[in-house]
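# Tertiary structure, described
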Amino acid sequence: MSQFQGYWKLDKSDNFDEYMKEVQVALMTRKIASTLKPDLDIKIEGNKWTLHSESTFKNHTLVFTLDEEFEETTPDGRKLRSKVSLVDGKIVHIQKAIKADDRDSVITRWVDGDRMFVTLVSGSVTAHREYARSH
Ligand code: DKA
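Residues numbered from 1 in each chain as written. Predicted model: local features only at pLDDT ≥ 70, side-chain atom pairs only at ≥ 80, totals over all residues. Heavy atoms only, no water.

Evaluation of the coordinates by the stated rule reveals eight salt bridges. The partner of Lys-21 in a salt bridge is Glu-18, with the nearest N and O atoms 3.3 Å apart. Taken together, the positions of Lys-21 and Glu-18, both in helix H1 (residues 16-22) and three residues apart, correspond to about one turn of that helix. Arg-78 is the salt-bridge partner of Asp-76, the closest N and O atoms lying 2.6 Å from each other. Within the structure, one salt-bridge network assembled from shared partners comprises Asp-11, Arg-115 and Glu-130. (Salt bridge = Lys/Arg side-chain N within 4 Å of Asp/Glu carboxyl O. Helix = DSSP H or I, 4+ residues; strand = E, 2+ residues; numbered from the N terminus.)

Below is the structure:
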């Protein structure tokens, strides 16, 4: 899975605002988040992954062990019950709502050459994002 490791920068984003709306991100946060080009640093030590994202809005670190359920707090403050697994070379991040007002979601990430592709699905909404390897 070494292809995921390293530094990435957001290059393209499609339908992300609709996705954020679907998962109930507040309007002001959506407005800021839709303009950002985050830098993402991915580190892998055995089954433990660290995804550290930096932007002018907020820095955020997600740490998980593959196939182990954990409680996640998203950059916009939602608390979810999550699990990340490796499926056919892709990392599939399943987020289950804890509170009735929140929404389930699946975020899938995979690498092809120097690009990392991300799909975010919630309800009937799908967003696509693409990161470029930065160094
Ligand atoms: C990505 O990896 C997307 C990460 C999903 C963030 C959820 C919504 C955050 C709103 C501030 O590029």
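Turning next to the pairing of strand E7 (residues 90-97). Bridge analysis of strand E6 (residues 79-87) against E7 gives eight bridges, and the strand direction is antiparallel. The residue bridging Val-87 from the neighbouring strand is Lys-90, located in E7. From the end of E6 to the start of E7, which pair antiparallel, there are two residues, and Asp-88 there has a positive phi angle of about 50 degrees. (Pairing = 2+ DSSP bridges.)

The next thing to look at is the site of the ligand. Neighbouring the ligand are Met-20, Thr-29, Ala-33, Asp-76, Arg-78, Arg-109, Leu-120, Arg-129 and Tyr-131. Here Arg-109 contributes a side-chain N or O atom positioned 3.0 Å from an oxygen atom of the ligand. Within the side chain of Tyr-131, one N or O atom sits 2.5 Å away from an oxygen atom of the ligand. Burial of the ligand by the surrounding chains reaches 88%, relative to a free accessible area of 380 Å². (Near = heavy atom within 4 Å. Polar contact = N/O pair within 3.5 Å; in protein donor to acceptor, adjacent residues only side chain to side chain. Areas by Shrake-Rupley, 256 points an atom, 1.4 Å probe, with all protein chains shown as cover.)

So, on to the confidence of the model for the chain. For the chain, per-residue confidence averages 96 on the pLDDT scale, and 100% of positions sit at 70 or higher. The complex model carries a pTM of 0.97, and its ipTM stands at 0.97. (pLDDT = per-residue confidence, 0-100.)

Further remarks concern the pairing of E6. Direction of pairing for strand E5 (residues 70-73) relative to E6: antiparallel, over a ladder of four bridges. By the bridge assignment for E6, Glu-72 is matched with Leu-80.

Here we take up the sheet that holds E5. A sheet is described by the order of its strands in space; here 10 strands give the open sequence E4-E3-E2-E1-E10-E9-E8-E7-E6-E5, paired in antiparallel fashion. Each end of this open sheet is capped by a strand with a single partner; those strands are strand E4 (60-65) and E5. The sheet shows a mean angle of 25 degrees between the axes of neighbouring strands, taken without regard to direction. As judged from the seven bridges shared by strand E8 (residues 105-112) and strand E9 (residues 115-122), these two strands associate in the antiparallel manner. Bridge pairing links Trp-110 to Phe-117 in E9. (Axes fitted to C-alpha atoms, helices over the stretch in contact; angles between N-to-C directions.)

Moving on: empty space enclosed by the protein. Using a probe with the size of a water molecule, rolled over the atoms, empty space left in the structure can be pinpointed. For the structure shown, the criterion picks out one cavity of 30 Å³ or more. In terms of lining, the largest cavity is formed by 31 residues, of which the most central are Phe-16, Ser-53, Pro-75, Arg-109 and Arg-129. Elements that contribute at least two residues to the lining of the largest cavity include exactly H1, helix H2 (27-33), strand E3 (48-54), E4, E7, E8, E9 and strand E10 (125-133). Top contributing element to the lining of the largest cavity by residue count: H1, with three residues. The residue makeup of the lining of the largest cavity, split by class, is 17 nonpolar, eight polar and six charged. (1 Å grid on protein atoms, 1.4 Å probe; cavity = no way out; pocket = protein on both sides within 12 Å on 5 of 7 lines; lining within 4 Å. Points joined across faces, edges and corners; volume = space filled by probe spheres on them. Nonpolar A, V, L, I, M, F, W, Y, C, P; charged D, E, K, R; others polar.)

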